[in-house]
Amino acid sequence: HANVLSCRSAPSNKSRYLISRIHPRDRTAPSAAVSSYTTDTLTMGRGKYPHVAVIGVGGVGTQVMEQMNANPFHGFQLVAVCSSKRMLISTKDTCLKPVAWKDALNASETPVDFSAVQSALRELAEQGETAVFIDNTSSQAVAEMYPGLLDAGIAVVTPNKKAFSGEVALYQGIVLADAKRGKYLYESTVGAGLPIISTLKDLVETGDKVLKIEGVFSGTMSYIFNNFSAVEGSNESFSSIVKVARAQGYTEPNPADDLNGADVARKLTILARIIPEMKDEQGNFPLLHGYRSVETTSLIQDAPSSAVSNGDEFMKWLPEQDAHFAQMREQAANEGSVLRYVGVVDVKNKIVKAELAKYPKTHPFATSLGGSDNIIMFHTERYGKRPLIVQGAGAGNDVTAMGVMSDVLKLMRP
């Protein structure tokens, strides 16, 4: 079959086993069935290569699959691929071909069955293999599977913010499960491929004291305000810039989902829960109700419900706000400042907020940003006089998938 390869049965010697590993072939050689790849069988130590199930193959998920295929020397073993409607899953007799996944998935008549995926990964984990559940969705239901996966010794890698920025009970369940068996990595939930979470964890785990984190966390908000409130000045209307951003794919289909500030609030929740000093006196994680507990300034609080629920209706309504935003821009310019939508975790005062704020035209948030860049400043005891700054593309399928893949590779390191 086009979508599978015959699996070789493993030898009885439990310390060694046979795997199908994909590697590049002579690019000039024809091979219709598997493009420019072939397989050979290598004898390797148990647990050497990760066995992965990829859930969600939209923009980010497709890029994850592409990057997996582009780096065959890592020897990824594909256990399952799931879209929203159908799936491919390997069995004892058949192995999935990573290079042929798209056509095979489109042709599949197997409905999605997460319990079957979890069962297959659990069996591998019990055999001492590295089993990885990659969640590329934005699904709350999938996020709620994480504690059970981790309890079964299955690692979770995801750009899905839901589990880490929602109600504290789910987050607590994930942390407790991780302490027992599985590992969870979620670098790409904040800043896509930028090392934001890993930098914060390094600061915390080496004993530095985080005083404040502030930054432009939304690629959408970054693009809009870099153009609307530029250092050199701008006369473009707010709605016209949002219209261009939407046309270029910088916003959600309904820009209201970006301009309400919830995305930034979710990212702030994820970071705040990593900082020990943000816990209360009983040691409870902060922000009981997740992103809903963040002080968030919505830029569309006056929008009618019809505009909030429909992107085209929203774009018809938005020009009504142009005079309001123009007035704010003019006021900031008169003070020598620009407008930026920022997120702040103020550890000293235990305040977490997302807001539209004014920054001097000499500030890095005014001078350093271009396009849809993110920029995050870590103010700590060690980085007291000059904060540690991480900056770069904070949105896009390719860089988000890079963040996912780098987390998977971390699981392979001793």
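Rules used throughout
Residues numbered from 1 in each chain as written. Predicted model: local features only at pLDDT ≥ 70, side-chain atom pairs only at ≥ 80, totals over all residues. Heavy atoms only, no water. UniProt positions renumbered as here; feature names shortened; annotations may be inferred. Helix = DSSP H or I, 4+ residues; strand = E, 2+ residues; numbered from the N terminus. Contact = heavy atoms within 4.5 Å. Polar contact = N/O pair within 3.5 Å; in protein donor to acceptor, adjacent residues only side chain to side chain. Pairing = 2+ DSSP bridges. Axes fitted to C-alpha atoms, helices over the stretch in contact; angles between N-to-C directions. pLDDT = per-residue confidence, 0-100. Salt bridge = Lys/Arg side-chain N within 4 Å of Asp/Glu carboxyl O. Buried < 20%, exposed > 50% of the residue type's maximum accessible area, 1.4 Å probe, protein only. Phe/Tyr/Trp six-rings, centres within 6.5 Å; stacked < 30°, edge-to-face > 60°. Lys NZ or Arg CZ within 6 Å of the ring centre and 35° of its normal. Parallel < 35°, antiparallel > 145°, perpendicular 65-115°, else oblique. Left-handed = near helix turned anticlockwise from the far one by under 90°. Nonpolar A, V, L, I, M, F, W, Y, C, P; charged D, E, K, R; others polar. Core = buried A, V, L, I, M, F, W, Y, C linked by side-chain atoms within 4.5 Å. Domains from an automatic or database assignment.

## Remarks on the UniProt feature "binding site: NADPH" (unreviewed entry) in the chain
UniProt annotation of "binding site: NADPH" (unreviewed entry) refers to Thr137 and Lys161 when read in the numbering used here. For the residues just named, distributed over 25 residues, the greatest C-alpha separation is only 9.4 Å, placing them together at one site. Tracing the sequence through the fold places threonine 137 in the loop between strand S8 (130-135) and helix H4 (140-143). If sequence neighbours within four positions are ignored, threonine 137 has contacts with Ile55, Gly56, Val142 and Asn160. Reaching out from threonine 137, the side chain makes a polar contact with the side chain of aspartate 135 at a distance of 2.6 Å.

## Topic: the sheet that holds strand S12 (residues 295-296)
Sheet strands pair via backbone hydrogen bonds, and the direction of the pair is either parallel or antiparallel. The mixed open sheet is built from six strands, whose spatial order is S12-S14-S13-S11-S15-S16. Each of the sheet's edge strands pairs with one partner strand only, and the pair in question is S12 and strand S16 (388-393). Across two bridges, S12 lies against strand S14 (residues 351-360) in parallel orientation. Paired with glutamate 295 across the strands is lysine 353, a residue of S14. Across the face of the sheet, helix H9 (residues 219-228) comes into contact with strand S11 (210-216), strand S13 (337-346), S14 and strand S15 (373-380) while running at roughly 155 degrees to S13.

## Here's the deal with the confidence of the model for the chain
Looking at the chain as a whole, the pLDDT averages 87, with 88% of positions reaching at least 70. For residues 1-45, every residue scores under 50 in pLDDT, and the model assigns this stretch 90 contacts once sequence neighbours within four places are set aside.

## As for the pattern of salt bridges
A side chain with one charge may pair with a side chain of the opposite charge, provided their charged atoms come close. Summed over the entire model, instances satisfying the criterion amount to nine salt bridges. In this structure, aspartate 263 and lysine 161 form a salt bridge, with 3.5 Å as the shortest nitrogen-oxygen distance. Pair noted here: aspartate 263 is in helix H12 (residues 262-272) and lysine 161 is in the loop between strand S9 (155-157) and helix H6 (162-165), with a separation of 102 residues, a long-range link. Its salt-bridge partner being lysine 410, residue glutamate 187 comes within 3.9 Å of it at the nearest N-O pair. Of the two residues, glutamate 187 sits in the loop between strand S10 (184-185) and helix H8 (197-205) while lysine 410 sits in helix H17 (residues 397-412), which places them 223 residues apart along the sequence. For glutamate 187, a relative accessible area of 5% translates into the label buried. Several salt bridges converge on common partners, so that one network encompasses Lys161, Asp263 and Lys267.

## Observations regarding unusual backbone geometry
Here alanine 192, not a glycine, exhibits a phi torsion of approximately 55 degrees, which is positive. As for its placement among the helices and strands, alanine 192 is situated in the loop between S10 and H8. With phi around 60 degrees, leucine 287 is a residue other than glycine that occupies positive phi space.

## Some points on the side chain of lysine 267
Along the chain, the position of lysine 267 falls in helix H12. Once residues lying within four places of it in the same chain are set aside, the contact partners of lysine 267 are Lys161, Thr189, Val190, Phe217 and Ser218.

## Quick word on the packing of aromatic side chains
The tally for this structure, following the rule as stated, stands at 13 aromatic pairs. On the numbers, 5.5 Å between centres and 25 degrees between planes, the contact of tyrosine 184 with tyrosine 186 is stacked. For tyrosine 184, a relative accessible area of 11% gives the class buried. With 4.4 Å between their ring centres and 25 degrees between their planes, tyrosine 223 and tyrosine 250 make a pair best called stacked. Placement of tyrosine 223 in helix H9 and of tyrosine 250 in the loop between helix H10 (238-247) and helix H11 (256-259) is noted, with a sequence separation of 27 residues between them. Take tyrosine 223: its relative accessible area is 11%, and that puts it in the buried class. Aromatic ring contacts, followed pair by pair, group Tyr146, Phe164, Tyr184 and Tyr186 into a single cluster. A cation over a ring is seen here: arginine 273 above tyrosine 171, with NZ or CZ 5.2 Å from the ring centre.

## Notes on the packing of helix H1 (residues 59-70) against H17
Close contact between H1 and H17 brings their axes to 8 Å; oriented N to C, the two are set at 60 degrees. One way to sum up the angle between H1 and H17 is to call them oblique. Considering only the axes of H1 and H17, their crossing is right-handed. When H1 is examined against H17, the residues Gly59, Val60, Gln63, Val64, Gln67 and Met68 are found in contact with a partner set consisting of Asn397, Asp398, Thr400, Ala401, Met402, Val404 and Met405. Classifying every residue of the contact of H1 with H17 by side-chain character gives seven nonpolar, five polar and one charged.

## Observations regarding the nonpolar core
Nonpolar side chains in soluble globular proteins generally cluster together in the buried interior. Residues Phe133, Tyr146, Ile213 and Phe225 are the most contacted members of the largest nonpolar core, which totals 86 residues. Broken down by element, the residue count for this core peaks at seven residues, all from H12. A domain-level breakdown of this core finds at least three residues from each of domain 1 (51-189 + 401-412) and domain 2 (196-394). Residues contacting isoleucine 213, with those up to four places away along its chain left out, are Leu200, Leu271, Ile275, Gly343, Val344, Val345, Ile376, Met377 and Phe378.

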